[in-house]
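Tertiary structure, described
Next come the chains, spelled out residue by residue.
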Amino acid sequence: MTLEERIQNSETHIFKAVFPNTTNHYDTLFGGTAMHMMDEVAFITATRFSRQKMVTISSEKIDFTKPIPAGTFVELIGRVTRVGNTSLVVYVEIYIEEMYSEKREKAITGQFTFVAIDENKKPTPIHFKQ
Ligand SMILES: CCCCCCCCCCCCCCCC(=O)SCCNC(=O)CCNC(=O)[C@H](O)C(C)(C)COP(=O)(O)OP(=O)(O)OC[C@H]1O[C@@H](n2cnc3c(N)ncnc32)[C@H](O)[C@@H]1OP(=O)(O)O
């Protein structure tokens with residue numbers, strides 16, 4: 001399998017409904033909840049890419065460009081964008097999708113770096129390198 005095929009195969013999509021237990025006093029999705037969901041989809045993407053134990057080492061530049069209203073769906077998409085020696089980077093996007101129309105827009109983006117670890121919890125090479 002080529003690197004591009006492996007990236008394509010490990011691209012991960014998760015849909016969630018924005019219900020009131022995830023919203024703040026503005027009736028929009030909590031930022032912290034969004035980051036939690038992003039870390040989760042990034043972790044799944046990293047693990048599906050590598051099939052190794054992965055831990056988050058860094059998250060960066062999380063841009064909240066649109067509020068996510070209660071009563072919508074969100075789609076999270078994780079995609080590997082860089083493969084290093086022991087680390088890889090996953091770019092995550094969150095799209096808002098209205099429940100009763102096809103309207104859809106990008107709301108949040110961010111980047112998460114993961115490191116593959118061995119049985120001693122030390123960095124270990126990712127089996128696939130660029
Ligand atoms: C309320 C209800 C809760 C419900 C719950 C649900 C959970 C829903 C969320 C799911 C999410 C799942 C996620 C699970 C996985 C964890 O939970 S992970 C937990 C958080 N992460 C950790 O605890 C990791 C702690 N850090 C460490 O153990 C060590 O730093 C590590 C990761 C073993 C790395 O060791 P190190 O000696 O610092 O690494 P070092 O050799 O210097 O560098 C290794 C690589 O990292 C890179 N690197 C080092 N520092 C950085 C940096 N700051 N930035 C970028 N790259 C870096 C290096 O460049 C190197 O890359 P390569 O050139 O080899 O590719």
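The structure we're discussing is the one just above.
Here's what I pulled together on the structure shown here. All figures in this text were calculated on a predicted structure; none of them were measured in a lab.

1. Quick notes on the pairing of strand β3 (residues 72-83)
Note: strand β1 (residues 12-17) against β3, six bridges, orientation antiparallel. Across the sheet, residue H13 finds its bridge partner in β3, namely I77. As paired elements, β3 and strand β4 (residues 87-98) share eleven bridges and run antiparallel to each other. In the sheet register, V74 faces β4, and the bridge partner there is I96. Counting the residues between successive antiparallel strands, the hairpin from β3 to β4 contains three residues.

2. Notes on the site of the ligand
Taken together, 18 residues surround the ligand, and among them H36, T56, N85, T86 and S87 come closest. Here an oxygen atom of the ligand and a backbone polar atom of N85 are 2.8 Å apart. The contact in question runs from an oxygen atom of the ligand to an N or O atom on the side chain of T86, over 2.6 Å. Relative to its unbound accessible area of 1,400 Å², the ligand is 44% covered by the protein chains. The set of elements that each furnish at least two residues to the shell around the ligand consists of α2 (31-50), β2 (54-64) and β5 (104-116). When residues of the shell around the ligand are assigned to their parent elements, the largest contribution, five residues, is made by β2.

3. What to know about the side chain of T23
Considering the arrangement of structural elements, one finds T23 in the loop between β1 and α2. Of note is the side chain of T23, whose polar atom sits 3.0 Å from the backbone oxygen of P20. For T23, the contacting residues outside a window of four places in its chain are V18, T28, L29, F30 and A70.

4. Quick look at the nonpolar core
Counting 31 residues, the largest nonpolar core has F49, I68 and L88 as its most contacted members. Where this core is concerned, the elements lending two or more residues are α1 (3-10), α2, β2, β3, β4 and β5. In terms of residues, this core owes the most to one element, α2, which gives seven residues. Apart from the residues within four sequence positions on either side, L88 is in contact with A46, F49, M54, V80, R82, V83, F112, T113, F114 and I126.

5. So, unusual backbone geometry
The phi dihedral of D27 is positive, around 65°, even though this residue is not glycine. Relative to the helices and strands, D27 resides in the loop between β1 and α2. In this structure, R51 is a non-glycine residue whose phi angle is positive, near 55°. Along the polypeptide, R51 turns up in the loop between α2 and β2.

6. Digging into the environment of E40
Here E40 lies in helix α2. Given a relative accessible area of 36%, E40 falls into the partly exposed group. Spatially, the C-alpha atom of E40 lies 23 Å from that of E98, the residues being 58 residues apart in sequence.

What counts, and where the lines are drawn
- Residues numbered from 1 in each chain as written.
- Predicted model: local features only at pLDDT ≥ 70, side-chain atom pairs only at ≥ 80, totals over all residues.
- Heavy atoms only, no water.
- Pairing = 2+ DSSP bridges.
- Helix = DSSP H or I, 4+ residues; strand = E, 2+ residues; numbered from the N terminus.
- Near = heavy atom within 4 Å.
- Polar contact = N/O pair within 3.5 Å; in protein donor to acceptor, adjacent residues only side chain to side chain.
- Areas by Shrake-Rupley, 256 points an atom, 1.4 Å probe, with all protein chains shown as cover.
- Contact = heavy atoms within 4.5 Å.
- Core = buried A, V, L, I, M, F, W, Y, C linked by side-chain atoms within 4.5 Å.
- Buried < 20%, exposed > 50% of the residue type's maximum accessible area, 1.4 Å probe, protein only.

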